[in-house]
Amino acid sequence: MSADSHTGKTAGHRIVNPLSGEQIVVRRTAAQTGGRVLDWELVLAPGGRVPSSHAHPEQEECFRMLEGQMRFRVGGRRLLAGPGDTVRVPPGTVHHFANAGSGPARVAVQTRPALSMHELLETAAALAREQHAAGRRAPRPVDLALFMRDFRREVRAPYLPAALVRAVLAPLAALARRRGLDARYRALREPGRAR
């Protein structure tokens, strides 16, 4: 494992999301690539899927299938990918993916530029673990508002204008900060907590 000197994030540790069935290992951090790319490997359990359709406003994602089968929706296109296939998702394109097979799917993923994608993956997994432990079916609205604000360069909601989403979420995030409702979320974002 090597540490990212700017964020304390390390390559080689496993990030587990119990709600989506995702297990992620970051192979090269933003610091190791000068911010150009985040290289990570995704293992998706049978029945696993990314929690919701989404888009990355400034980033391209490239999925190279290593094992298993995955179903992708990229824009309006539906794709089935297996070993050796590559699926590219241009910046701003709404997409979704799920394991389409009976065994685990293993995928090499590159996110360009890296931005704070490593932190997003860790924070999303930490929030999912907390949600799973509490037995909640959906994330807390305050947590979602803070997450979407913190990672606005890395992820956006599909189909809604970004300005509208910001207009709705910004006051909720500000209220959470003023009332101290962001403390639990901030604790989940502390280095080492989101592993």
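Structure: above.
What you see is a predicted model; the values in this text were computed from it and never measured. (Residues numbered from 1 in each chain as written. Predicted model: local features only at pLDDT ≥ 70, side-chain atom pairs only at ≥ 80, totals over all residues. Heavy atoms only, no water.)

The next thing to look at is the packing of helix α2 (residues 141-150) against helix α3 (residues 162-179). Interaxial distance between α2 and α3 falls to 9 Å at its minimum, and their mutual angle equals 110°. Accordingly, the angle class assigned to the pair α2 and α3 is roughly perpendicular. Crossing hand, α2 versus α3: left-handed. Two secondary-structure elements touch here, α2 through P141, V142, A145, L146, M148 and R149 and α3 through L169, L172, A173, A176 and R177. Per-class residue counts for the contact of α2 with α3 are nine nonpolar, no polar and two charged. (Axes fitted to C-alpha atoms, helices over the stretch in contact; angles between N-to-C directions. Helix = DSSP H or I, 4+ residues; strand = E, 2+ residues; numbered from the N terminus. Parallel < 35°, antiparallel > 145°, perpendicular 65-115°, else oblique. Left-handed = near helix turned anticlockwise from the far one by under 90°. Contact = heavy atoms within 4.5 Å. Nonpolar A, V, L, I, M, F, W, Y, C, P; charged D, E, K, R; others polar.)

In total, this model carries four aromatic pairs according to the counting rule given. For the pair F72 and F97, a centre-to-centre distance of 6.0 Å together with 45° between the ring planes defines the contact as tilted. Taken together, the residues span a long stretch of sequence, with F72 in strand β7 (residues 70-74) and F97 in strand β10 (residues 95-99) at a distance of 25 residues. Comparing F72 with F97 shows no difference in burial state: the two are buried. Taking the centre distance of 5.0 Å and the plane angle of 55° together, the rings of F147 and F151 count as tilted. F151 sits in the buried class, given a relative accessible area of 1%. Counting every residue linked through ring pairs, the aromatic cluster contains F63, F72 and F97. (Phe/Tyr/Trp six-rings, centres within 6.5 Å; stacked < 30°, edge-to-face > 60°. Buried < 20%, exposed > 50% of the residue type's maximum accessible area, 1.4 Å probe, protein only.)

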